[in-house]
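Listed here are the chains, written in short residue letters.
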Amino acid sequence: MSFGQGGPQSQWDPWKPNSQQPWGGNVDDETPDWAALADQAETRNRRKRLLLIGGGALATVAIGTAVAMAVMSANDDTSASGQPTNLPASASVPSTDATSPSFAPTSAPPPLNPEEFISSKAKDTAPLSPATLFPGTQLTVVSTVYKKGPTADTTNCASVASGTLPKVLTGNGCTRVMRVTYTKDNIAVTVGVALFDTEAQATKAKAQADTKSAVRSLSGKGVKAFCNGSICRTTTNAYGRYAYFTVAGFTSGTDVTTKDTKVFAIGDDLGKFAFDQIRARGEAQASAAAQQ
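Residues numbered from 1 in each chain as written. Predicted model: local features only at pLDDT ≥ 70, side-chain atom pairs only at ≥ 80, totals over all residues. Heavy atoms only, no water.

A.B. asks: Sorry, what's going on with the overall build of the chain here?
C.D. replies: The helix and strand tally for the chain stands at 5 helices and 8 strands. Listing the helices and strands of the chain from first to last along the sequence gives α-α-β-β-β-α-β-β-α-β-β-β-α. (Helix = DSSP H or I, 4+ residues; strand = E, 2+ residues; numbered from the N terminus.)

This is the structure we're talking about:
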């Protein structure tokens with residue numbers, strides 16, 4: 001009987017279950033091929049990694065597919081469409097291209113022109129008198145105070161004019177002249193305001209007046225006579241249906257020269273005052289008409 005024979009020798013595989021390592025015999029001849037074993041282990045590790053990666057990719061695809069299916073399923077739900085099913089049967093969603101309602105443009109009415117109310121007798125209907133046109137007892141221009149003197153009112157326009165002015169006033173249909181005198185020290189000025197029915201008549205009267213056209217000075221009420229024979233400074237102007245004139249000079253009877261700047265100043269101040277009063281009359285009437 002021989003020992004050592006009687007069947008195939010077992011092959012020991014360190015990675016294979018139930019394999020046995022032989023004992024005895026020539027140890028050098030039965031030493032495992034470690035390089036081959038390492039290659040086999042590496043191969044198995046790669047397979048495991050590939051399986052893990054592949055499994056993760058399949059899981060991702062599966063999740064994405066599930067989400068896509070859920071979105072498609074939601075889009076197929078008619079209850080969330082552009083026409084909700086819970087609206088009454090007669091209701092409908094407005095179309096996005098529906099025409100917006102249009103409204104007629106509106107704007108504030110244009111302001112009334114004050115000059116229109118002083119350009120004709122038909123519109124210039126507010127009460128008028130020397131007291132309303134020349135109010136108060138004095139006039140202050142900046143820091144200069146002029147004392148108010150006598151006033152006068154007449155429908156005989158030619159009677160209160162001198163030189164060539166009576167013919168100008170009568171020829172253009174003057175209906176009324178109101179006068180007032182103001183003084184400052186030894187200087188006096190009379191302002192005369194002539195009324196016409198239309199602006200055209202007043203404008204024509206202004207154009208026809210010349211250096212010899214003058215309103216008569218008004219004295220009295222503490223004001224000495226002036227400009228009755230002496231040289232005085234005169235002005236002529238018009239606004240609306242009004243023509244207004246000034247005559248300024250010394251109460252002492254001294255002639256006015258171009259060097260007498262104070263006389264020119266008082267004449268200009270009172271001429272502007274007359275213009276401002278006429279304009280204010282137009283503004284008051286325009287404002288009253290706008291509120292009606």
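A.B. asks: Any chance you could explain the packing of aromatic side chains here in plain terms?
C.D. replies: For any pair of aromatic rings, geometry is given as the distance between the ring centres together with the angle between the planes. Overall, the coordinates contain 3 aromatic pairs when judged by the stated rule. Judged by centre distance (6.1 Å) and plane angle (80°), the rings of Tyr 182 and Phe 273 are edge-to-face. In this pair, Tyr 182 is assigned in strand 4 (residues 176-184) and Phe 273 in helix 5 (residues 261-290), connecting sequence segments 91 residues apart. Ring centres of Tyr 239 and Phe 275 lie 4.7 Å apart, and the angle between their planes is 55°; this geometry places the pair in the tilted category. Here Phe 275 lies in helix 5 and Tyr 239 lies in strand 7 (residues 233-239), a separation of 36 residues in the sequence. Taking the relative accessible area as the measure of exposure, Phe 275 reaches 23% and is therefore partly exposed. (Phe/Tyr/Trp six-rings, centres within 6.5 Å; stacked < 30°, edge-to-face > 60°. Buried < 20%, exposed > 50% of the residue type's maximum accessible area, 1.4 Å probe, protein only.)

A.B. asks: I would appreciate a short explanation of the sheet that holds strand 4 in the present structure.
C.D. replies: Across a sheet, paired strands are connected by hydrogen bonds in the backbone, their directions being either parallel or antiparallel. An order of 1-2-4-5-8-7 is seen for the 6 strands of this open sheet, with the pairing classed as antiparallel. The strands lining the two open edges of the sheet, one partner per strand, are strand 1 (138-141) and strand 7. Strand after strand, the sheet turns through a mean of 25° between neighbouring axes, direction not considered. Pairing geometry for strand 5 (residues 187-195) and strand 8 (residues 242-250), over 9 bridges, is antiparallel. Paired with Ala 188 across the strands is Gly 249, a residue of strand 8. Helix 5 contacts strand 1, strand 2 (144-154), strand 4, strand 5, strand 7 and strand 8 of the sheet and is inclined by roughly 155° relative to strand 8. (Pairing = 2+ DSSP bridges. Axes fitted to C-alpha atoms, helices over the stretch in contact; angles between N-to-C directions. Contact = heavy atoms within 4.5 Å.)

A.B. asks: Please clarify how the layout of surface pockets should be interpreted in this entry.
C.D. replies: Where empty space is left can be seen by rolling a probe of water-molecule size over the atoms. As a volume, the second largest pocket reaches approximately 230 Å³. For the lining of the second largest pocket, the per-class residue count stands at 6 nonpolar, 6 polar and 1 charged. (1 Å grid on protein atoms, 1.4 Å probe; cavity = no way out; pocket = protein on both sides within 12 Å on 5 of 7 lines; lining within 4 Å. Points joined across faces, edges and corners; volume = space filled by probe spheres on them. Nonpolar A, V, L, I, M, F, W, Y, C, P; charged D, E, K, R; others polar.)

A.B. asks: What should I look at first to understand the environment of Pro 130 in this one?
C.D. replies: With respect to the secondary-structure elements, Pro 130 resides in helix 2 (residues 130-133). Look at Pro 130 and you get buried, because its relative accessible area is 12%. Placed 50 residues apart in sequence, Pro 130 and Val 180 show a C-alpha to C-alpha distance of 7.5 Å. Apart from residues lying up to four places away in sequence, Pro 130 is in contact with Pro 135, Thr 151, Ala 152, Asp 153, Arg 176 and Met 178.

A.B. asks: What exactly am I supposed to notice about the pairing of strand 1 here?
C.D. replies: Looking along a regular strand, one sees the side chains alternate between the two faces of the sheet. Strand direction decides the pairing type here: strand 1 and strand 2, joined by 4 bridges, are antiparallel. Directly across from Val 141, in strand 2, lies its bridge partner Thr 144. Counted between consecutive antiparallel strands, the loop separating strand 1 from strand 2 contains 2 residues, among which Val 142 sits at a positive phi close to 60°.

A.B. asks: Sorry, what's going on with the pairing of strand 5 here?
C.D. replies: In terms of burial, strand 5 is largely enclosed, as 9 of its 9 residues are buried. Side chains of strand 5 alternate between two faces, with Ile 187, Val 189, Val 191, Val 193 and Leu 195 and Ala 188, Thr 190, Gly 192 and Ala 194 buried alike. Across 9 bridges, strand 4 lies against strand 5 in antiparallel orientation. Opposite Lys 184, over in strand 5, you have Ile 187 as the bridge partner.

A.B. asks: I keep staring at the nonpolar core and nothing clicks. Help me out?
C.D. replies: Side chains of a nonpolar character, in soluble globular proteins, are inclined to be buried together. Formed by 26 residues in total, the largest nonpolar core has its most connected members in Phe 134, Tyr 182, Val 193, Tyr 242, Ile 266, Leu 270 and Ile 278. For this core, the secondary-structure elements that each account for two or more residues are strand 4, strand 5, strand 8 and helix 5. Take this core: its biggest share by element is 6 residues, from helix 5. Leave out the neighbours within four places in its chain, and Ile 266 touches Tyr 146, Tyr 182, Lys 184, Ile 187, Val 189 and Ala 248. Among the nonpolar cores identified, the runner-up in size contains 22 residues, and Cys 157, Ala 161, Ala 205 and Val 223 belong to it. (Core = buried A, V, L, I, M, F, W, Y, C linked by side-chain atoms within 4.5 Å.)

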